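Now for the letters of each chain:
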Amino acid sequence: MSQHETPLFTGLREHANKNPLQFHIPGHKKGQGMDEEFKNFIGPNALSIDLINITPLDDLHHPKGMIKQAQELAAQAFGADHTFFSVQGTSGAIMTMIMSVVSPGDKILVPRNVHKSIMTAIVFSGATPIFIHPEIDPELGISHGITPDSVEKALNQHPDAKAVLVINPTYFGFAADLKGIVNVAHRFNVPVLVDEAHGVLIHFHDHMPLSAMQAGADMAATSVHKLGGSLTGSSILNVKEGLVSPERIQTILSMMTTTSTSYILLASLDAARRRLATEGYTLIEKTIRLASQTREKINEIPNLYCVGEEKLGTSATFDYDPTKLLISVKDLGITGYEVETWLRKNYNIEVELSDLYNILCLITTADHEKDTMILVEALTKLSKEKSSSKTEEIKSLPVHVPDIPVLALSPRDAFYANTESVPFEESAGRIIAEFVMVYPPGIPIFIPGEIITNENLAYIKENLEAGLPVQGPEDANLNYLKVIQEQVAIR
């Protein structure tokens, strides 16, 4: 097969063109049984391929035909031995990746700045996380990557660890020395799992960080939908044979996946792979150039700083994805969330995320100079507005990141323990039994099993007061937190 082919997308269209009489789900049957307004908005083409795993269309749970061919083409494109399609997003692929290599009680090395899906998989699997502290950037208030030295130190202390998990690149675009980490882990005969949610483009251009497969990692969960042009919720899991079992991965993936798989999502993966494999380099070259030009223009705006290659030079900031525009706004004297809100209100611009000190804007293969110029115009106006509205010199917001809490109990034991709800203000010193995070990006402030500290409670309040979306607790208002029930001594 050629990378110009789309066996799954083509097969679906050919089946739809035959216009078979359907006595199977979905019940709308090409839109005929659907709300008229919604049907007209979606259109007949999309509804004609909203199908189910009938024999002519193969089955994601046991692929033998067009899905198998599409996955094989994806494996060739990404340099993998096997590629598995996911309609449960990258979260589903990450959970599959972890649960295919660890069992209850097994140790897995993970950075503390992981996405909530990783900790969810650890809770489900019963594994014990051994946290490696990522490097903290005191200027930006963000976490970077972990280093080969820190991985080697952790493996020497925990030689029985079953896997090492790495984020490559981080949400903010920075990549650690992944090849160095892989070399260290493989000396210990330990597989490397990569959260590559924000790295689908890096395999297709040599001015990007090394991809997981290029670096020799064993598995990588990659969001094609985030930056690669497929539909939301469609991702892939790339695998190299040797230290992991493809058969085990297929079994776990099937357990984690709905039996009513979306063929629209699957077809979009097939088509996105074709575009990346055949046009990717040219498209990404143009995207990098546009992002670099935009970065230069933003850095000419007073009190704004768009991060670039000057941040590189350590094992934790070994490389970066230049299409991510991480813009520090703290010198405007306002939070990233305030900037996000201002851009939405005044220019109808939506950013990827904001935090206390930054905003993140993604430049993709879909963008053009006219789009980025509007962003530059908006940020220029914001800077002038904030400067002119202040009678005294703008005071930069001080950057601080709280210490990582101590893990006192395994996340699974804490999550399933007997619990009680206590007032937020009185919870310090207790062991938390639920997640608390700001989403996006979904990096937990607390995970089940950690000891609550006043410093981190203050950090949560600071995010709430800034308007940022703190999520996770059962009490959505965060008046109460679920903690491990304390045992009262019998007198």
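Residues numbered from 1 in each chain as written. Predicted model: local features only at pLDDT ≥ 70, side-chain atom pairs only at ≥ 80, totals over all residues. Heavy atoms only, no water.

Visitor: Even after reading the chapter, I still don't get helix α15 (residues 454-465), so can you show me in this structure?
Guide: One full turn of an α-helix is made of 3.6 residues, so residues set three or four places apart face in the same direction. Taking 1.5 Å as the rise per residue, α15 with twelve residues should run 16 Å; its terminal C-alpha atoms sit 16 Å apart, in good agreement. Taken as a whole, α15 has its buried residues at N456, L457, Y459, I460 and N463. Looking straight down α15, one finds that the buried residues subtend no more than 160° of arc, so they occupy a single side. Facing away from the buried side of α15, by more than 90 degrees, are the exposed residues N454 and E465. In the core, the buried residues of α15 are packed alongside β17 (436-438), β18 (443-446), β19 (470-471) and β20 (480-484). Of the residues trailing α15, G467 is marked for its positive phi of about 95°. (Helix = DSSP H or I, 4+ residues; strand = E, 2+ residues; numbered from the N terminus. Expected span 1.5 Å × (residues − 1). Buried < 20%, exposed > 50% of the residue type's maximum accessible area, 1.4 Å probe, protein only. Arc of directions from axis to C-beta. Contact = heavy atoms within 4.5 Å.)

Visitor: Honestly, the environment of G313 in this entry has me stumped. Any pointers?
Guide: Assignment of secondary structure puts G313 in the loop between β11 (305-306) and β12 (319-320). For G313, a relative accessible area of 70% translates into the label exposed. Separated by 106 residues in sequence, G313 and T419 have C-alpha atoms that sit 46 Å apart.

Visitor: Please explain the packing of helix α12 (residues 336-347) against helix α13 (residues 369-388) as it appears in this structure.
Guide: When two helices pack together, their arrangement is captured by the angle between the axes and the distance separating the axes. Running from N to C, α12 and α13 cross one another at 115°; their axes reach a closest spacing of 11 Å. By the angle class used here, α12 and α13 are roughly perpendicular. In the crossing of α12 with α13, the sense of the turn from one axis to the other is right-handed. Contacts between α12 and α13 involve V339, W342, L343 and Y347 on the former and, on the latter, I374, E377, A378, L379, K381, L382 and E385. The residue inventory of the contact of α12 with α13, partitioned by class, reads eight nonpolar, no polar and three charged. (Axes fitted to C-alpha atoms, helices over the stretch in contact; angles between N-to-C directions. Parallel < 35°, antiparallel > 145°, perpendicular 65-115°, else oblique. Left-handed = near helix turned anticlockwise from the far one by under 90°. Nonpolar A, V, L, I, M, F, W, Y, C, P; charged D, E, K, R; others polar.)

Visitor: Looking at this structure, how should I read the packing of helix α7 (residues 148-157) against helix α8 (residues 178-187)?
Guide: In the contact formed by α7 and α8, the axes pass within 8 Å of each other and the chain directions differ by 15°. One element, α7, and the other, α8, form an angle in the roughly parallel class. α7 and α8 meet at a crossing whose hand is right-handed. Contacts from P148, V151, E152 and L155 in α7 reach G180, I181, V184, A185 and R187 in α8. Here the contact of α7 with α8 is built from residues that sort into six nonpolar, one polar and two charged.

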